[in-house]
Amino acid sequence: MVGYKEMKTIRNSWIWIGILCLVYACQKNEGRDDRVVDMALLTEKTWYYNAWAGDAYGMDREDLLEALRLERGGILKTVDFGGRQESVAGTWENTGNVILLKYNAGKQVEWNVQRSGADYMTVMVNQQGVREYRTDLGYLDNLTADAYLVNEYTEENHYRTRLGADVRGNVNLREAFLITGENEYASMENHGFYWTERNTGQAFDVDGTFQEIRFYLRIGKNEQVKLRDLVTGENLPERLPEEMELSADSKNSALHVSWLPYEGAVYYRVEVFPENMDLTKPYFVSRVQPRGTRLLKIQHSTAGELNKWTELVRGEKYVVRLTALLFERGVDVVNDEYSYANLQAVSYFTKAFVWE
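Residues numbered from 1 in each chain as written. Predicted model: local features only at pLDDT ≥ 70, side-chain atom pairs only at ≥ 80, totals over all residues. Heavy atoms only, no water.

Caption draft 1: Quick look at the overall build of the protein. Each helix and strand counted, the protein has 2 helices and 24 strands in total. Over its C-alpha trace the protein gives a radius of gyration of 26 Å, far above what one expects of a compact globule, namely 21 Å for 356 residues. Taken over the C-alpha atoms alone, the protein extends approximately 85 × 55 × 40 Å along its principal axes. Taken over 356 residues, the protein has a buried fraction of 45%. Here the protein has roughly 19,300 Å² of accessible surface; of this, 47% comes from carbon and sulfur atoms. Both charge centroids of the protein, one from 41 positive and one from 53 negative side chains, sit 6 Å from each other. (Helix = DSSP H or I, 4+ residues; strand = E, 2+ residues; numbered from the N terminus. Rg over C-alpha atoms; globule rule 2.2 N^0.38 Å. Buried < 20%, exposed > 50% of the residue type's maximum accessible area, 1.4 Å probe, protein only. Areas by Shrake-Rupley, 256 points an atom, 1.4 Å probe, with all protein chains shown as cover. Lys, Arg positive; Asp, Glu negative; His and termini not counted. Charge placed at Lys NZ, Arg CZ, Asp CG, Glu CD.)

What follows is the structure, encoded as structure tokens:
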């Protein structure tokens, strides 16, 4: 007969075996030895590695979140995580446990896979260090981070271009910083479900053909990650406010907003705010309006990203803001669910009105 102490020892042994199984996936995956690479389990998936190295505001370290895909046929893709855009970066090939990544720019990276399964990979990179790749980093949620150009006229009627930014998709975000150079950074403003740049009034000039922008983000208690975006010099043409011919007419329980559209691939968003332009309290936010749009009728039944039209008070003053949107090249504005995170430039125009 097995005594109490023996039973306790057996129970504790099984607990430790269970823990080791979780850590090492029991070196099996449905009977498979996970030390032997099965490429069928590794292809057609996005693999993430958080290279966070403790340097919150630097630009020079290779500490960005890495996201890449091993496509069938030996195609290597990288994923710009901030905007969720995929691009072909090179090719890959494998021999046994070794996967060789060949980038178009000439760099080669060797992965010696120690263990792997359907959602995890432990790899020795260039015989120098071990990395843990996963198909899902749960703390990221639906995070996106985008930097773009903002054009606007100041109260003194001076036209300027500054840097704008938008981070959203993660309600557990606790800190967000916009980094424009080595130890050149600024905290971002929290607007509830999204964060934006702080409007310091400082003009922004793109250095050369593009400028790299980085984001430092702290999620939850202590998950930290850095993302990047590239801002190019492509911009919307300058327009005076009067040239936009923006009008907002309240009649028959509806607001009729009209404007003169730009030529080319420019889209629009219409928003309605309180008179003090508190951006955290919109009454209406339209869906992105197609190129060439010149009129939007807003009432309680108008579809939009947000509609609180019934809260408007007759006789009170409000402000309509029209945003002209230029997206990055190659972005499918209509069908891409992350097109909002791939802006190139925006221009703002406002018009006050009385709700009658």
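Following the structure, the description resumes.
Caption draft 2: Broad picture of the pattern of salt bridges. In this structure the tally under the stated criterion is 22 salt bridges. Salt-bridge contacts for R214 lead to D63; the nearest nitrogen and oxygen are separated by 3.0 Å. Placement of the pair is R214 in strand 15 (residues 210-219) and D63 in the loop between strand 1 (46-50) and strand 2 (65-71), with a sequence separation of 151 residues. Of the two residues examined, R214 and D63, each falls in the buried class. D63 is the salt-bridge partner of K226, the closest N and O atoms lying 3.1 Å from each other. (Salt bridge = Lys/Arg side-chain N within 4 Å of Asp/Glu carboxyl O.)

Caption draft 3: Quick look at the sheet that holds strand 10 (residues 159-168). Here we have 9 strands laid out as an open sheet, ordered 13-14-10-9-24-23-19-20-22, and mixed in their pairing. Both edges of this open sheet fall to strand 13 (189-190) and strand 22 (306-307), since each of them pairs with a single strand only. Note: strand 13 against strand 14 (residues 194-196), 2 bridges, orientation antiparallel. Across the sheet, the residue bridging to E189 is T196, located in strand 14. (Pairing = 2+ DSSP bridges.)

Caption draft 4: Local environment of the environment of W52. Counting through the fold element by element, W52 comes out in the loop between strand 1 and strand 2. Taking relative accessible area as the criterion, W52 reaches 24% and is therefore assigned partly exposed. A C-alpha to C-alpha distance of 15 Å links W52 and F81, two positions 29 residues apart in sequence. Apart from the residues within four sequence positions on either side, W52 is in contact with D63, Y216, Q224 and K226. (Contact = heavy atoms within 4.5 Å.)

Caption draft 5: Molecular detail of the side chain of T323. Along the chain, the position of T323 falls in strand 23 (residues 317-327). T323 has contacts with Y267, Y268, R269, E271, V346, S347 and Y348, leaving out every residue within four places of it along the chain.

Caption draft 6: Up close: the sheet that holds strand 16 (residues 223-232). With respect to topology, 4 strands assemble into an open sheet ordered 12-11-15-16, the strand pairing being antiparallel. Whereas interior strands pair on both sides, the edge strands pair on one side only; in this sheet they are strand 12 (184-187) and strand 16. On average, each strand axis in the sheet is inclined to that of its neighbour by 25°, with strand direction left out of account. In this structure, strand 11 (residues 173-181) lies alongside strand 12, joined through 4 bridges in antiparallel fashion. Residue pairing across strands places I179 opposite Y185, the latter belonging to strand 12. (Axes fitted to C-alpha atoms, helices over the stretch in contact; angles between N-to-C directions.)

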